[in-house]
Amino acid sequence: MTIDIKKVLLLGGGPTNIGHENELDAAAFERLMALKKTGAKIIYVDNNPFSVTSEEIQPANVYVQEVNFQNVINIIDKEKPDAIMATQGGLNAMQIAWQLAESGILASNNISLLGIKPADLRKVIDNQKLRDLLTEIDEKVIASKIVADDDEAMDFVREVGFPVIVKPMSASRNNTDELEDALDVSFKRTYIKRCSIEQSIVGYKEIEMVGIRDANGNKILISGMEDMDPIGIHSGDSIIFAPTQTLINEEYQALRTATFRIMDALNVTGTCHVQFAQSRTDANYFVTKVSPFFTRNTILAAKSTGYPLTYVSSFLELGYNLTEIKLPSKYSKFLAFMEPTMDHVVVKIPLWPFRDITDVDQHLNTLMKSVGSTIGVGRTVEEAIIKAMHSSQFSPRDILPSVSKVNDDDVINQLIHPLASRILILMEALRRGFSIDELSELTQIDRFYFYKLNQLLRAQDYVVNNPLSPKSVEIGHKYGFGDGMLAELWQVNISTIQRMNHNVKNQVTYKAIEPSAGEFMEATNIFYSSYELENESKPFAEKSALVIGRGGNQLGPNSAADYYTAQVLISLHKAGYKTIIMNTNPNAVSLTPQLSDKEYIEPIQLGNILNIVDLEKPDIVFLPGNRHYLSEQLKQFEDLNIVVLPPDQKVATYNQKKATTAVDLFIEGDEVLPVATISFVGKDQRTDLRLINDYKEPMDHWQTDEADLIADAVKKVDSSKWQGLVQILYNTTGDSNYEMTGIWPVRITETAFLTKTTGINWVRVLVRKYLGILDMKSLREQLTPTQHQRSSTMIAKFPFRELQSRQSEGTTKQEVGSAISFKNFES
């Protein structure tokens, strides 16, 4: 029975951090597109300035506030929604939903909680209740016990056997002596009277299952995924394969059945992500985590299969059955209740922040440390691995870094105690003659993956030892080595490889990612490259634009960069272009299917871009400003219309690298329009440009100083040298004396901030400027730079606490996300 919803409150995911990137905003955006079809009024709350979703809802229906219990209560009092959707807001939103249920707010306001009933939600939020539920349905959980002395600990060990983990020390204990030492240290801490001891499953395989269920109990599995790394390394830091690679059918079916049983026990309607620890030696497994809401790997399952998971889940939460949901028109024969199948392999590789934050333990363990990830898609495991590795490298050169100088002792040490360069160390160990059996024993990684890595090494050796031969090109392509990598390995220009491709008809083709594995001709328009006979991607007849994404999240602009890319796509669509996105970040909003006409999940390297350009022949190519090498290389192709947006920060000029205040201007031709004044909100009023992460609009003392400063900025900017969004930097001692200290393009993060504060979409303005279709008259009418009813503040978030870094103040290169807030001026 469908739920009649006239007004629904969506809880956003909040600022990005370690643990979630843009996947929650991507889920919210897709959910918004689905809900619009129901005619329900949508209320949204989020304080993430880089949320694309918040800009696709009427401003009056968006609450730019922290997603917390009290703020949500206030919104409920004002808006009186019929229902709340929390599953797209991650664990924080689910905890708020539970608080709303426990406090009686939902019942007293007659509000439906969609996706999971309050009584069942409590079983997810309360760890002991979840353990009790799983035990009740005969699903195994890890045995644990709170003990007060050595005798109780030994009784527990006699029951479950070694190894065990003693907390708070969180180290595995393998024998009686080690156990006694750990207990002795724990109990001697004056503030600890008891400690936790639990069965250790370190070394088990980590398997993840994502399913969906309707209110009548109909269920399908979207995808199974396998972490290459064993239990003991956080799933967010693990290399992940979809579909599973090493499970026998009986194991796979047992975990599929367990996933369905858990979803039934929790009465989930919508999506559910279940994580398992699977024994390497027998059929034994444990349930380790249950997440009946959107997670990174829920989105990965959808990306891997091409199944419209978020779209379907939205209707399931509204009470529709799987058989009642009509998929978007791009799915011609595939139906919502069909279980997806895959004819390709997807590999996800994490990205870590250790280059930018160096004072942290870089070992991979149960504490998540990655800030992003990239994926590679191929017909084979080897091809997908190499593409994912290429996508994870931010070197301008299309070649993998070498660890050949690491000595043997360090190689062994890193095999046992892995670092971020894990996959390179595994390949180096194989290269040095370590046997697959001993590597599997040292790392607890299944032998299967070492066989695959060995194949890659053999292929690379053949390619290196047989330069510029047609057979080498053929083998290189088969194993995922792109033209750029072949050119680097042979130290020739990429055009040499392209000529060889044409001469031997070794042409790249593109295969679709769609949920029927080729059984139906679905038009999902999501592609990856291969070297096969049939090309499934056809160029558009209409004018088209290729947008190069930013790849995986890194610290710095991070989620703001993906927001920027998504806005470029929306702007181009509104301008009448067919849009093509090339990206590799599985959590990117810019890879939301509704945002483009076609997607390519390909490494953002020169050869891959040129192959797509050769097929699509786009009228214009948008490239991010941080890809200097690509920009230089692509501009050599005179027939390409390249726009670098946002502009490269390297064009900045300074008198000194300090500022307290700024004037933002928009320049079109000879015309200079004031946009806003900004004060930089640094700790202790520090003015170093590297530390400018926080913005306030309008500037301090705007009542007395703003007009004169704007006039000065307009006078000092040279429109023959600067175009687009430009920031004039000033230093002041607070006495109305301002010294101009520099000029640079407005940063990505601040462009999003300006969009939220002025109500003008500045990415859209920039795109229209470079397309030559900007309506300056309309823009002039919208701009009111000296009229202020409120102030806006954007504060950067840093991952220091999550990474256990000692730093307290971060640079612009260390941001992980931001929070925005508004405050009305007194009338």
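Predicted, not measured: the structure shown is a model, and the values here were computed from it. (Residues numbered from 1 in each chain as written. Predicted model: local features only at pLDDT ≥ 70, side-chain atom pairs only at ≥ 80, totals over all residues. Heavy atoms only, no water.)

Peer 1: Whenever I open this one, the overall build of the chain confuses me. Can you help?
Peer 2: For the chain, the helix and strand inventory stands at 27 helices and 31 strands. In terms of C-alpha radius of gyration, the chain reaches 27 Å, essentially the compact-globule figure of 28 Å for 827 residues. For the chain, the C-alpha atoms occupy an extent of roughly 80 × 75 × 55 Å along the three principal directions. Counting the 827 residues in the chain, one finds 60% classified as buried. (Helix = DSSP H or I, 4+ residues; strand = E, 2+ residues; numbered from the N terminus. Rg over C-alpha atoms; globule rule 2.2 N^0.38 Å. Buried < 20%, exposed > 50% of the residue type's maximum accessible area, 1.4 Å probe, protein only.)

Peer 1: Just checking my understanding: could you explain the packing of helix H3 (residues 90-102) against helix H5 (residues 118-125) for this structure?
Peer 2: Two numbers describe a pair of packed helices, the interaxial angle and the distance between the axes. Contact pair H3 / H5: the axes reach a minimum separation of 10 Å and the direction vectors enclose 130°. Judged by the angle between their axes, H3 and H5 are oblique. For the element pair H3 and H5, the recorded crossing hand is left-handed. Together, Leu-91, Met-94, Gln-95, Ala-97, Trp-98, Ala-101 and Glu-102 of H3 and Pro-118, Leu-121, Arg-122 and Ile-125 of H5 make up the contact between the two elements. Among the residues making up the contact of H3 with H5, the classes are represented as eight nonpolar, one polar and two charged. (Axes fitted to C-alpha atoms, helices over the stretch in contact; angles between N-to-C directions. Parallel < 35°, antiparallel > 145°, perpendicular 65-115°, else oblique. Left-handed = near helix turned anticlockwise from the far one by under 90°. Contact = heavy atoms within 4.5 Å. Nonpolar A, V, L, I, M, F, W, Y, C, P; charged D, E, K, R; others polar.)

Peer 1: Looking at this structure, I do not really get the environment of Ile-357. What am I missing?
Peer 2: Mapped onto the elements, Ile-357 comes out in the loop between strand E15 (345-351) and strand E16 (372-378). In the structure, Ile-357 is positioned 446 residues away from Leu-803 in sequence and 9.0 Å away in space, judged by C-alpha atoms.

Peer 1: Hey, could you run me through the sheet that holds strand E2 (residues 41-45) in this one?
Peer 2: In a beta sheet, neighbouring strands are held together by backbone hydrogen bonds and run either parallel or antiparallel to one another. Taken together, five strands build an open sheet; the order of strands is E3-E2-E1-E4-E5 and the sheet is parallel. The sheet terminates laterally at strand E3 (62-63) and strand E5 (112-114), the two strands that pair on one side only. Examined bridge by bridge, strand E1 (residues 7-11) and E2 share five bridges and lie parallel to one another. Paired with Leu-9 across the two strands is Ile-43, which belongs to E2. (Pairing = 2+ DSSP bridges.)

Peer 1: What is the right way to read the side chain of Ser-304 from this model?
Peer 2: Topologically, Ser-304 is positioned in helix H10 (residues 296-305). With a relative accessible area of 1%, Ser-304 lands in the buried category. Within the structure, the side chain of Ser-304 is placed 2.7 Å from the backbone oxygen of Leu-300, a separation counted as a polar contact. Look past the residues within four positions of Ser-304 in its chain and what remains in contact with it is Ala-242, Met-342, His-344, Val-346 and Ile-513. (Polar contact = N/O pair within 3.5 Å; in protein donor to acceptor, adjacent residues only side chain to side chain.)

Peer 1: What is the right way to look at unusual backbone geometry in this model?
Peer 2: Apart from glycine, the bulk of residues carry a negative phi angle, and the bulk of peptide bonds sit in the trans form. For the bond from Ala-242 to Pro-243, the omega torsion is -5°, close enough to zero to count as cis. The topology assignment puts Pro-243 in the loop between strand E12 (240-242) and helix H9 (249-266). Glu-697 connects to Pro-698 through a cis peptide bond whose omega is 0°. Note that Pro-698 resides in the loop between strand E27 (695-697) and helix H23 (702-716). Even without being glycine, Lys-80 reaches a positive phi, approximately 50°. With respect to the helices, strands and loops of the structure, Lys-80 is situated in the loop between helix H2 (69-79) and strand E4 (83-85). Judged by its relative accessible area of 51%, Lys-80 falls in the exposed class. Even without being glycine, Gln-444 reaches a positive phi, approximately 60°.

Peer 1: Any chance you could explain the nonpolar core here in plain terms?
Peer 2: In globular proteins that are soluble, nonpolar side chains generally tend to be buried together. Judged by nonpolar contacts, the single largest core of 71 residues is most densely connected at Phe-241, Val-347 and Ile-385. For Val-347, the contacting residues outside a window of four places in its chain are Ile-239, Ile-240, Phe-241, Thr-374, Ile-375, Gly-376, Ala-384, Ile-385 and Ala-388. Formed by 59 residues, the second largest nonpolar core is a distinct cluster that contains Ala-545, Phe-622, Val-643 and Leu-771. (Core = buried A, V, L, I, M, F, W, Y, C linked by side-chain atoms within 4.5 Å.)

Peer 1: Before we go on, may I ask you to explain the packing of aromatic side chains in this structure?
Peer 2: Each aromatic ring pair is specified by the distance between its two centres and by the angle formed by the two planes. Here the structure, examined in full by the defined rule, presents 16 aromatic pairs. Ring geometry for Tyr-695 and Phe-753: centres 5.9 Å apart, planes at 25°, overall stacked. Of this pair, Tyr-695 sits in strand E27 while Phe-753 sits in helix H24 (residues 748-758), and the two are 58 residues apart along the sequence. Judged by its relative accessible area of 1%, Tyr-695 is buried. (Phe/Tyr/Trp six-rings, centres within 6.5 Å; stacked < 30°, edge-to-face > 60°.)

Peer 1: Explain H3 here, please?
Peer 2: A turn of α-helix holds 3.6 residues, and therefore any two residues three or four places apart point the same way. Helix length check: H3 (13 residues) gives 19 Å between terminal C-alpha atoms against 18 Å at 1.5 Å per residue, within 8%. Where H3 ends, the next residue or the one after it, Gly-104, has phi of about 85°, a positive value. (Expected span 1.5 Å × (residues − 1).)

Nothing here speaks to function; it is geometry throughout.
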